[in-house]
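One letter stands for each residue in the lines below.
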Amino acid sequence: MKVLVTGGAGFIGSALVRYIISSTPHSVVNVDKLTYAGNLESLDCIASDKRYAFEHVDICNYKELERIFVSHKPDVVMHLAAESHVDRSITGPAEFIQTNIVGTYNLLEVCRQYWSQLDTDKKSLFRFHHISTDEVYGDLPHPSEVNDEKLPLFTEETPYAPSSPYSASKASSDHLVRAWMRTYGLPTLITNCSNNYGPYHFPEKLIPLVILNALEGKELPVYGKGDQIRDWLFVEDHARALYKVLTEGKIGETYNIGGHNEKQNIEVVKTICSILDEIAPSEARNIKSKEGKPLGSYSSLIKYVTDRPGHDRRYAIDASKMSTELNWQPVETFETGLRKTVQWYLDNQEWCENVQSGSYQRERLGELKGSN
Ligand SMILES: NC(=O)c1ccc[n+]([C@@H]2O[C@H](COP(=O)([O-])OP(=O)(O)OC[C@H]3O[C@@H](n4cnc5c(N)ncnc54)[C@H](O)[C@@H]3O)[C@@H](O)[C@H]2O)c1
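Conventions and cut-offs
- Residues numbered from 1 in each chain as written.
- Predicted model: local features only at pLDDT ≥ 70, side-chain atom pairs only at ≥ 80, totals over all residues.
- Axes fitted to C-alpha atoms, helices over the stretch in contact; angles between N-to-C directions.
- Helix = DSSP H or I, 4+ residues; strand = E, 2+ residues; numbered from the N terminus.
- Parallel < 35°, antiparallel > 145°, perpendicular 65-115°, else oblique.
- Left-handed = near helix turned anticlockwise from the far one by under 90°.
- Contact = placed C-beta atoms within 7 Å.
- Near = placed C-beta within 6 Å.
- Nonpolar A, V, L, I, M, F, W, Y, C, P; charged D, E, K, R; others polar.
- Pairing = 2+ DSSP bridges.

Asks: I'm lost on the packing of helix H9 (residues 265-279) against helix H11 (residues 334-347) in this one. Help?
Replies: When two helices pack together, their arrangement is given by the angle between their axes and by how far apart the axes lie. Close contact between H9 and H11 brings their axes to 10 Å; oriented N to C, the two are set at 60°. When the interaxial angle is binned, H9 and H11 end up oblique. Taken as a pair, H9 and H11 cross one another with a handedness that is right-handed. Counting all contacts with H9, which are made through Thr-271, Ile-272, Ile-275, Leu-276 and Ile-279, the residues of H11 involved are Leu-338, Arg-339, Val-342 and Gln-343.

In structure tokens form, the structure reads like this:
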């Protein structure tokens, strides 16, 4: 099977491409524009494999997409290319509208033309798998706001209520994919996943940002009170789940993917600090406080900063459809996955330096002018 993956140089896309090339017999065509978030170094370990090909292309370029389908003749498509950072979507939403909505529309149209001309066998095997987020559902009640012991979870039936330009653009793309299924019969699959973490994560997101700032003795910014809850999933568990859905999922269905790991942001930050205290103590790295004194625990770097505008309070996924229908469960617990992640960042400082050599230097994004 030839799998066309869009966004394969990004965080989740690269984990998926590494998984397909190293653990399955299939081949991959990776279509990526290489924005600041796309890094071919994340694919170094499989890049020379004969089953891997790369196309440096923007999914907003219709003609180039047509060329790729004609020349590579993929059997299935997995669509991950997107602008993915909420803070960036607040500062500059235009790219999110272009890539996430217009780009998805282009890809759907090119797929529809291509699929309609396939012979019967190939046509019945074709799939368009759209990779999306749980953020399309908006947020859930926070334990501090309700007395109920049983807090609700996002299911595949939860109505859409996106809060940020990012999640609204992803919700729009999900709607387009469903419409192409209903109207044209394109064989689609949609997955909505919770927050991912793991190796090769661009250091603008919470977990890598905290690890790298801590190792340099920089402040660890925590938005608001840090009590926002996210449901964390190790990225390699997500890659396996995506492959399961692609190969065993039912056409037209949506699957929620999550890790059963609800954690407050502040808990995540404190856990990273305690892992670092244990495996890379600040004394051994000669890290000092602002006052020039020995730092002690990395947790002394925690700084509470203004909350993100419109910040969702809680996300939590009911992933029971994935386990009952597709027999998928995450392998990593939050503790084992986080420990692997911290160790990976310690061992791969060169990757971290290379991906940050462009314009992004871990500065705060997504603040509205005039907000305090
Ligand atoms: N990161 C998460 O926690 C998470 C959770 C659930 C779902 N998702 C979804 O999974 C997908 C991948 O997320 P990620 O975290 O790997 O994102 P990422 O930002 O790390 O990577 C996105 C990739 O898409 C590429 N890209 C961006 N615009 C493009 C364009 N116009 N044409 C071609 N390529 C383009 C980038 O170069 C990059 O390689 C996204 O659709 C995202 O919405 C992410």
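Next, the rest of the story.
Asks: Looking at this structure, how should I read the site of the ligand?
Replies: Around the ligand, 31 residues are found, and the nearest of them are Gly-7, Gly-10, Ala-37, Gly-38 and Ala-82. Of the residues assigned to the shell around the ligand, the class counts are 13 nonpolar, 13 polar and 5 charged.

Asks: Sorry if this is basic, but what is going on with the sheet that holds strand E11 (residues 254-257) here?
Replies: Neighbouring strands of a sheet are bound in pairs by backbone hydrogen bonds; such pairs are parallel or else antiparallel. Strand order in the open sheet made by the 7 strands is E3-E2-E1-E4-E5-E6-E11, with parallel pairing throughout. Only two strands of the sheet have a single partner each, and these edge strands are strand E3 (52-56) and E11. Between one strand and the next, the sheet's axes are offset by a mean angle of 20°, whatever the strand orientation. In this structure, strand E4 (residues 76-79) lies alongside strand E5 (residues 128-133), joined through 3 bridges in parallel fashion. Bridge pairing in E5 links His-79 to His-130. The strands touched by helix H8 (residues 235-248) are E4, E5, strand E6 (188-193) and E11; relative to E6, the strand with the most contacts, the crossing angle is about 155°.

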